[in-house]
Amino acid sequence: MKSAGLGDLTVDQLMALKIQGVTPEYVKQMRDIGLHPDADELIGMKVQGITPDYVREMRSATGQPLDVDSLIGLKVQGVTPEYIKQIHDLGIKSDADEIIGMKVQGITPDYVKGFNALGFHPSADELIGMKVQGVDAAYLKGLQSAGFKVDIDDAISARVQGVTPEFIQKVHSHGFKDLTLDQLIALKRSGVLDAEK
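Reading the values: the criteria
- Each chain carries its own residue numbering, running from 1 in the written order of its sequence.
- Given that the model is predicted, a residue must reach a pLDDT of at least 70 before its local features are reported, and side-chain atom pairs must reach 80 or more before they are shown or counted; all residues, however, enter totals for whole chains, interfaces and linings.
- For the side-chain quantities, the full set of heavy atoms in the structure was used; hydrogens and water were omitted.
- Axis definition: a line fitted to C-alpha atoms, limited for helices to the stretch in contact. Angles are taken between N-to-C directions and run from 0 to 180 degrees.
- Secondary structure elements are defined from DSSP: runs of H or I of at least 4 residues count as helices, runs of E of at least 2 residues count as strands, and each element is numbered from the N terminus.
- In this scheme, roughly parallel covers angles under 35 degrees and roughly antiparallel covers those over 145, while 65 to 115 is roughly perpendicular and the rest are oblique.
- When the near helix sits turned anticlockwise from the far one by under a right angle, the crossing is termed left-handed; a clockwise turn instead gives a right-handed crossing.
- When checking whether two residues touch, look at their non-hydrogen atoms; a contact exists if any pair is within 4.5 Å.
- Planes of paired rings set the category: under 30 degrees apart is stacked, over 60 is edge-to-face and the rest tilted, where pairs are Phe, Tyr or Trp rings (Trp by its six-membered ring) whose centres lie within 6.5 Å.
- Only when the NZ of Lys or the CZ of Arg is both within 6 Å of the ring centre and within 35 degrees of the ring normal is a charge said to sit over the ring.
- Partly exposed describes any residue whose relative accessible area lies between the buried limit of under 20% and the exposed limit of over 50%, with all areas from a 1.4 Å probe on protein chains only and scaled to the type maximum.
- The directions considered for the arc run from the helix axis to the C-beta atoms.
- Buried Ala, Val, Leu, Ile, Met, Phe, Trp, Tyr and Cys residues that are joined via side-chain atoms within 4.5 Å together make up what is termed a nonpolar core.
- Each residue receives one of three labels: charged for Asp, Glu, Lys and Arg, nonpolar for Ala, Val, Leu, Ile, Met, Phe, Trp, Tyr, Cys and Pro, and polar for the others, Gly being one of them.
- Patch membership requires more than 30% relative accessible area and the absence of a salt bridge. Residues of like charge join within 9 Å; the nonpolar side chains Val, Leu, Ile, Met, Phe, Trp and Tyr join within 5 Å.
- We get accessible surface area from the Shrake-Rupley algorithm with a probe of 1.4 Å; when it comes to residues, only the shown protein chains can shield them.
- By definition, a salt bridge exists where a carboxyl oxygen of Asp or Glu is found within 4 Å of a side-chain nitrogen of Lys or Arg.
- The convention is simple: Lys and Arg are positive, Asp and Glu are negative, and His and the chain ends are not counted.
- In this description, the location of a charge corresponds to atom NZ of lysine, CZ of arginine, CG of aspartate or CD of glutamate.
- N or O atoms within 3.5 Å of each other form a polar contact, as long as, within protein, one can give a hydrogen and the other can take it, and as long as residues adjacent in sequence are counted only when both atoms are side-chain atoms.

*Asks:* Please explain the packing of helix α1 (residues 11-19) against helix α3 (residues 39-47) as it appears in this structure.
*Replies:* Packed helices, taken two at a time, are described by the angle their axes make and the gap between the axes. At a closest axis distance of 10 Å, the pairing of α1 and α3 adopts a crossing angle of 20°. As the angle between them shows, α1 and α3 are arranged roughly parallel. Of the two elements, α1 crosses α3, and the hand of that crossing is left-handed. In contact with Q13, A16 and L17 of α1, α3 contributes A39, D40, L42 and I43.

What follows is the structure in structure tokens.
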């Protein structure tokens, strides 16, 4: 291991490296592609099955150098080069952390295509925010159908406050027309219509 550039290892680290099958050759391969992981990072990479080929594929797919933490995060979340390509092909510029975040939230290419079809082109962060709050293309379409010209932040705010197409219909049935989204949100917050069934 010293010849591979790993010095000052504890007995525990040496045992862990051996148990996980980290060889001097593996260490050298990772260094040859520009990574300089310490013993713990090497163990983490080996446990996740990160190979030099995987590193090259993911660097190529993301267009980024990728550090050890990013590589492990991508591998743990099951991010594939195909997933990255599909997301990038939809115009989403994203770094490794954003890709991991999208994968964690279950954002699929179809989820993105729904927004694009409505004329929205959200960023990676906006997609994550919408997914976390339960905003989908159908929800946006519902707001548009109710006459609201909304942007992504408006849609997230409305969703967070519980403004649904059903609530909008209820408001209209009480004779409130031409309200702005802010007024609708204020009405929802006030709870005035909550007692009504």
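*Asks:* It is not clear to me how the packing of aromatic side chains should be interpreted in this structure. Could you clarify?
*Replies:* For any two aromatic rings, the description comes down to two numbers: the centre-to-centre distance and the angle of the planes. All told, the structure shown has one aromatic pair when counted by the stated rule. Over the aromatic face of Y26 sits the side chain of K46, whose NZ or CZ is 4.5 Å from the ring centroid. Positioned above the aromatic ring of Y111, the side-chain terminus of K131 is 4.7 Å from the ring centre.

*Asks:* In this structure, what is going on with helix α13 (residues 181-190)? I would like to understand it.
*Replies:* Residues separated by three or four positions in an α-helix point in the same direction, a consequence of the helix having 3.6 residues per turn. Buried within α13 we find L181, L184, I185 and L187. The buried side chains of α13 occupy one side of the element, clustering within an arc of 160° when seen end-on. Every exposed residue of α13 that faces more than 90 degrees away from the buried side is listed here: D182 and R189. Positive backbone phi, approximately 75°, marks G191, located one or two places after α13.

*Asks:* For this particular structure, what's the right way to read the nonpolar core?
*Replies:* Soluble globular proteins: nonpolar side chains tend toward being buried together. Of all hydrophobic cores here, the largest spans 61 residues; its most connected members are I50, L74, M102 and L127. Setting aside residues no more than four positions away along its own chain, I50 makes contact with Y26, M30, M45, V55, L71, I72 and K75.

*Asks:* Sorry if this is basic, but what is going on with the packing of α3 against helix α5 (residues 68-76) here?
*Replies:* Between α3 and α5, the shortest axis-to-axis distance is 10 Å and the interhelical angle comes to 25°. When the axes of α3 and α5 are compared, the pair comes out roughly parallel. Judged by the twist between their axes, the crossing of α3 over α5 is left-handed. Where α3 approaches α5, its residues E41, G44 and M45 are matched on the opposing element by V68, D69 and I72. In terms of residue class, the contact of α3 with α5 is made up of three nonpolar, one polar and two charged.

*Asks:* What should I look at first to understand a negative patch on the surface in this one?
*Replies:* On the surface, D67, D69, D95, D97 and D125 cluster together into a negatively charged patch. Looking at the element boundaries, D69 is found in helix α5.

*Asks:* What exactly am I supposed to notice about the environment of Y83 here?
*Replies:* By the element assignment, Y83 lies in helix α6 (residues 81-89). A sequence separation of 20 residues divides Y83 from K103, and the C-alpha atoms of the two residues are 8.8 Å apart. With sequence-adjacent residues up to four places away left out, Y83 is seen in contact with I99, M102, K103 and I107.

*Asks:* What exactly am I supposed to notice about helix α11 (residues 152-160) here?
*Replies:* Residues of α11 that are buried include every one of I152, A155, I156 and A158, and no others. Buried residues of α11, seen end-on, are gathered within an arc of 165° and therefore sit on one face of the element. Taken together, the buried residues of α11 touch α9 (124-133), α10 (137-145) and α13. Two or three places before D153, at the opening of α11, D151 has a side-chain oxygen 3.2 Å from that residue's backbone nitrogen.

*Asks:* Just checking my understanding: could you explain unusual backbone geometry for this structure?
*Replies:* Residues other than glycine seldom take positive phi values, yet L66 does so here, at roughly 60°. Relative to the helices and strands, L66 is located in the loop between α4 (52-62) and α5. Taking the relative accessible area as the measure of exposure, L66 reaches 8% and is therefore buried. Despite not being glycine, D178 has its phi angle at roughly 55°, a positive value. In this structure, D178 sits in the loop between α12 (165-173) and α13. On the accessibility criterion, D178 (77% relative accessible area) is exposed.

Don't take any of this as a statement about function, it's just geometry.
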